[in-house]
Amino acid sequence: MRRFVFPTLMFIALILSSCQTQDVLYPLELGSDTVYVEIADSPAERQRGLMYRETLEPDRGMLFIFESSRMLSFWMRNTYVDLSIAYIADDGTIIDILDMYALDETSVPSSAPARFALELNQGAFDRLGVFEGDRIDLSGIPGTD
């Protein structure tokens, strides 16, 4: 019986480690509301983004964090939800808010160097009363300082 305990525990550990864990969500104040964002701060996470999602909750999004400001460009390959993207400068100022459409592989570039990009459901920025030129406080988000 004992000889089966260790292999059984190892098998259970392997199964549990292969299970997809829920991403950590960080609160982000936008207008008078709060949205909860996943962070994409590694090349692999930024490349995957919101791909393969069939839905996105109204109060959810993804914040892409880059090491430094640069011209950014996103597309919607394998992304099934219409999104709006805000390109954001180092100081949290929104440079652009642009709409992107499901499965459209046309590049959507920033008009100036940006360090962050925030994707929400299409129209969410308007609904929240957030516009180009507004400043977002990113200080509670890891990796934004």
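Rules of the game
- Residues numbered from 1 in each chain as written.
- Predicted model: local features only at pLDDT ≥ 70, side-chain atom pairs only at ≥ 80, totals over all residues.
- Heavy atoms only, no water.
- Patch = residues over 30% accessible without salt bridge, like charges linked within 9 Å, V, L, I, M, F, W, Y side chains within 5 Å.
- Areas by Shrake-Rupley, 256 points an atom, 1.4 Å probe, with all protein chains shown as cover.
- Salt bridge = Lys/Arg side-chain N within 4 Å of Asp/Glu carboxyl O.
- Helix = DSSP H or I, 4+ residues; strand = E, 2+ residues; numbered from the N terminus.
- Phe/Tyr/Trp six-rings, centres within 6.5 Å; stacked < 30°, edge-to-face > 60°.
- Buried < 20%, exposed > 50% of the residue type's maximum accessible area, 1.4 Å probe, protein only.
- Pairing = 2+ DSSP bridges.
- Axes fitted to C-alpha atoms, helices over the stretch in contact; angles between N-to-C directions.
- Lys, Arg positive; Asp, Glu negative; His and termini not counted.
- Contact = heavy atoms within 4.5 Å.

Student: Sorry if this is basic, but what is going on with a nonpolar patch on the surface here?
Tutor: A contiguous nonpolar patch, built from Tyr-52, Tyr-80 and Leu-103 and spanning about 310 Å² of accessible area, is present on the exposed surface. By the element assignment, Leu-103 lies in the loop between strand S6 (94–100) and strand S7 (108–109).

Student: Can you walk me through the packing of aromatic side chains in this structure?
Tutor: Within this structure, the stated rule accounts for two aromatic pairs. Relative to Phe-74, the ring of Phe-64 lies with its centre 4.8 Å away and its plane at 80 degrees, an arrangement referred to as edge-to-face. Placement of Phe-64 in strand S3 (residues 60–70) and of Phe-74 in strand S4 (residues 73–74) is noted, with a sequence separation of 10 residues between them. According to the relative accessible area criterion, Phe-64 is buried, its value standing at 1%. Taking relative accessible area as the criterion, Phe-74 reaches 10% and is therefore assigned buried. Every member of this aromatic cluster is reached through a ring pair, and the members are Phe-64, Phe-74 and Tyr-87.

Student: Could you clarify how one ought to interpret the environment of Ala-89 in this entry?
Tutor: Inspection of the secondary structure puts Ala-89 in the loop between strand S5 (83–88) and S6. Between the C-alpha atoms of Ala-89 and Ile-136, which are 47 residues apart in sequence, the distance is 9.7 Å.

Student: Help me understand the sheet that holds S6 in this model?
Tutor: Note: strands within a sheet are paired through backbone hydrogen bonds, in either parallel or antiparallel orientation. With mixed pairing, six strands are arranged side by side in an open sheet as S1-S2-S3-S8-S5-S6. Two strands close off the open sheet at either side, each with one partner strand: strand S1 (26–30) and S6. The average angle at which neighbouring strand axes cross in this sheet is 30 degrees, direction not considered. In terms of strand pairing, S3 meets strand S8 (residues 114–121) through six bridges, oriented antiparallel. Following the sheet pairing, Arg-70 is matched in S8 by Ala-114.

Student: Could you clarify how one ought to interpret unusual backbone geometry in this entry?
Tutor: Of all residues except glycine, most have a negative phi; of all peptide bonds, most are trans. Of note in the backbone geometry, Asn-78 takes a positive phi value of approximately 55 degrees without being a glycine. Structurally, Asn-78 can be placed in the loop between S4 and S5. Residue Leu-103 is not a glycine yet carries a positive backbone phi of 65 degrees.

Student: Even after reading the chapter, I still don't get the pattern of salt bridges, so can you show me in this structure?
Tutor: Between side chains of opposite charge, a pair can form as their charged atoms come close. The final tally for this structure, using the stated rule, is six salt bridges. For the salt bridge of Glu-67 with Arg-46, the shortest nitrogen-to-oxygen distance reads 3.6 Å. Within this pair, whereas Glu-67 is found in strand S3, its partner Arg-46 is found in helix H2 (residues 43–48), the two being separated by 21 residues in sequence. On the accessibility criterion, Glu-67 (54% relative accessible area) is exposed. Here Glu-105 makes a salt bridge to Arg-77, at a shortest N to O gap of 2.9 Å. Of this pair, Glu-105 sits in the loop between S6 and S7 while Arg-77 sits in the loop between S4 and S5, and the two are 28 residues apart along the sequence.

Student: Honestly, the side chain of Glu-119 in this entry has me stumped. Any pointers?
Tutor: If you trace the backbone, Glu-119 turns up in strand S8. Here Glu-119 is buried and forms no salt bridge, its nearest opposite-charge partner Arg-53 lying at an N-O distance of 8.7 Å. Discounting residues that sit within four places of it in the chain, Glu-119 has contacts with Leu-50, Gly-61, Met-62, Phe-64, Phe-74, Leu-83, Ser-84, Ile-85 and Met-100.

Student: It is not clear to me how the pairing of S5 should be interpreted in this structure. Could you clarify?
Tutor: Along any regular strand the residues' side chains alternate between the sheet's two faces. Among the six residues of S5, six are classified as buried, and the element is accordingly described as predominantly covered. Along S5, one buried face is formed by Leu-83, Ile-85 and Tyr-87 and the opposite face, lined by Ser-84, Ala-86 and Ile-88, is buried too. As judged from the six bridges shared by S5 and S6, these two strands associate in the antiparallel manner. Note that in S6 the partner of Ile-88 across the bridge is Ile-94. Between S5 and S6, which pair antiparallel and follow one another directly, the connecting turn spans five residues, one of which, Gly-92, has a positive phi of 90 degrees.

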